[in-house]
Every structure is written in structure tokens, then in C-alpha cells.
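Below, each chain spelled out in residue letters.
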Amino acid sequence: TQVLRKGLQRGVVLSAGSFLVYEAHKLISGFAEVHASFKVEDVIEQADYLYGSGETEKLYRLLVQHKNSDDAELLWRLARSSRDLAQLGSTSAEEKKQLTYDSLEYAKKALEKNESNFAAHKWYGICLSDVGDYEGIKTKIGNAIIIKEHFQRAVELNPKDATTIHLIGIWCYSFAEMPWYQRKIAATLFATPPTSTFQEHAANSHLKLFACLYAADPNFYSKNLLFLGKTYLKLNNKKMALLWLSKAKEYPAQTEEDKQV
């Protein structure tokens, strides 16, 4: 009886000890989770500051440390940063190709972590288009429908994102000026190939799209001004084309893409 009593007492003590260890573990884990969430927020805040400052290389070095993160917000920013670094004139052709494929992987991972993240859809579409430049016109055209679907999903998730609306306009413009041989490829790839023409209705839709973005924010994007001018050129309206192309030319160049525009 005494042995049994001692055994029970020892069991109670062990159980109490185990409970305390378990509770301590939970408490420490909770603190670790809170610390981790603050850390992610801090990294995102720092990343957004560097992006706004045009510090492309510093931004990439910051974010690439978190390439194994499970946070979609970090991952899509890393995809964007990798792409921006690839666009720099100082980046070698070999590095540019690697960064282009890396950016697609990061965007894909961001989508896997959070399908409801509009920016992940947007950057997946952009990066998938970039990869097409290395895989030939057949692959690029074949990916076109997927790219547009991701842009449209991004707009569904965030109807106020001007960049995605602009990208859909670019998508339409690209198919409108597609050469005849590329149209032949598209016809073999799709039962109903993606098409867009500069007929009056389509052209007016493009103009409304780009003009709406300009009205919302005149300094939104240099490329938006460029495509307003290019669309008017396709309509043989040289006066309006000159107006918008002049605005694109006068746009203060902050990024590599602005300089190209």
C-alpha cells in the first residue's frame, strides 16, 4: 500500500511537472510567434522603404535572406525585387536569366502560401511573362491566357490596384499589335486564340483604360503615358500621340524602366 501510495504521489508530481513544462513551452512558443510576426512586419516595413527609395540592390539583399519564408507578403516582394534587379543595366545576361527564373519561383511560392493575395497573382503573371522571353514565342503565347487570368484574379481581389489594370491594358495592346506569324502560332495553340484589335471599339477601350489611370494619378506610371501615346499612334491621331509621348519623355526617371520609357 505504501509503495502504491508513493507511486501515485510520484505520478502526481511528474504529471504536475510535465504540465508546467508543457505550459512553459506554450508560453515560450507564443512569445516566439509574436516575435516572428513582428520580425516579418519589420522586414516588410524596411523593404517598402528601400523600394520607395529606389535601393534595388539593398532591397534584394534584404529579402533574399527570407527566400524560405512562408509569408506571401515577403515572397511576392522578393519576386518583384528579383525582377527589378534583373532589369538593371549592370546585371549580366547570365544573372538576369537566373533572377528572372528565381522571381517566378518566388511568386509561385507566394501564391501557394496565400491564393487570396492579389499582389502574388499580379507578380506571378508578370514573372511568367518574363520567363517567356527565354522560352520562345510559342511558350510566351501559350502562357498568355494564364497570365491574363492571374491579372484578372488580382483585380477581383483588389479592384483599386492601378498597376494590375494597366497590365491588362498592356496585355490587350500586345495582342493587338501581334505580327501575323504569331497569330498563326496562337491559332494552333488555342481553340479560340486570344485576340485584340485596334478597331474603333477595342482602341477606345484601351484609351479609356489608360486615360482612367492617368486621371486617378497623373504620376502613376511612366509606361502608362507611353502606351497612351502608342495607342493614339495606332489610330493615326498624331497630335494626341505627341501630347502623351511628350509627357512620357518628361517623366522624372527614377527606375531603370522609366529610363527605357
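Quantities reported herein were computed from a predicted structural model and do not represent experimental measurements. All residue numbers here refer to positions counted from 1 along the written sequence of the relevant chain. Predicted model: local features are reported for residues with pLDDT of at least 70 only, side-chain atom pairs are reported and counted for 80 or more only, and whole-chain, interface and lining totals are derived from all residues. Hydrogens and waters are ignored; side-chain quantities use all the structure's heavy atoms.

Enquirer: It is not clear to me how the overall build of the protein should be interpreted in this structure. Could you clarify?
Expert: Assigned secondary structure in the protein consists of eleven helices and zero strands. Secondary structure elements in the protein, listed N-terminal to C-terminal, are α-α-α-α-α-α-α-α-α-α-α. Here the protein holds 261 residues, and 37% of them are scored as buried. Only heavy atoms matter for contacts: two residues are in contact if any of them lie within 4.5 Å across the pair. Of the contacts made within the protein by residues no fewer than 6 positions apart, 59% connect residues no fewer than 24 positions apart. Surface accessibility in these figures is a Shrake-Rupley result with a 1.4 Å probe; residues are shielded only by whichever protein chains are displayed. Split by element, the accessible area of the protein, about 15800 Å² in all, is 55% carbon and sulfur. A run of H or I in DSSP counts as a helix once it spans at least four residues, and a run of E counts as a strand once it spans at least two, with each numbered from the N terminus. The buried label applies to any residue whose accessible area, calculated with a 1.4 Å probe on protein chains only, is under 20% of its type's maximum; exposed applies above 50%, and partly exposed to all values in between.

Enquirer: I'm lost on the environment of lysine 249 in this one. Help?
Expert: Here lysine 249 shows up in helix 10 (residues 238–250). Its relative accessible area of 73% is what places lysine 249 among the exposed residues.

Enquirer: How should I be thinking about the pattern of salt bridges in this particular structure?
Expert: Two side chains that carry opposite charge are able to pair once their charged atoms sit near each other. A pairing counts as a salt bridge when a side-chain nitrogen of Lys or Arg comes within 4 Å of a carboxyl oxygen of Asp or Glu. Per the counting criterion, the structure on display carries eight salt bridges. Aspartate 48 serves as the salt-bridge partner of arginine 77, at 2.8 Å between the closest nitrogen and oxygen. In this pair, arginine 77 sits in helix 3 (residues 72–87) while aspartate 48 sits in helix 1 (residues 2–52), placing the two residues 29 residues apart along the sequence. Look at aspartate 48 and you get partly exposed, because its relative accessible area is 35%. Salt bridges linked by common partners bring Asp48, Glu73 and Arg77 together as one network.

Enquirer: Which parts of the structure should I look at to understand the packing of aromatic side chains?
Expert: Two aromatic rings, taken as a pair, are described by how far apart their centres are and by the angle between their planes. What counts as a ring pair is set by centres within 6.5 Å for rings of Phe, Tyr and Trp (its six-membered ring), and what kind of pair is set by the plane angle: stacked under 30 degrees, edge-to-face over 60, tilted for all other angles. This structure, assessed with the given rule, holds one aromatic pair. On the basis of an interplanar angle of 45° and a centroid distance of 6.1 Å, the ring pair of tyrosine 101 and tyrosine 134 is categorised as tilted. Here tyrosine 101, found in helix 4 (residues 93–113), pairs with tyrosine 134, found in helix 5 (residues 118–157); they are 33 residues apart in sequence, far enough to count as distant. Owing to a relative accessible area of 26%, tyrosine 101 belongs among the partly exposed residues under this scheme. Its guanidinium or amino end placed over the ring of tyrosine 51, arginine 80 lies 3.5 Å from that ring's centre, counting from NZ or CZ. For a Lys NZ or an Arg CZ to count as sitting over a ring, it must be within 6 Å of the ring centre and within 35 degrees of the ring normal. Across the ring face of phenylalanine 227, the terminal group of lysine 230 is positioned such that the distance to the ring centre comes to 4.8 Å.

Enquirer: Explain unusual backbone geometry here, please?
Expert: Negative phi is the rule for most residues except glycine; trans is the rule for most peptide bonds. Of note, asparagine 236 is a non-glycine position whose phi angle comes to about 65°, a positive value. Mapped onto the elements, asparagine 236 comes out in the loop between helix 9 (222–234) and helix 10. Residue asparagine 236 is classed as exposed on the basis of its relative accessible area of 65%.

Keep in mind these numbers describe shape, not what the thing actually does.
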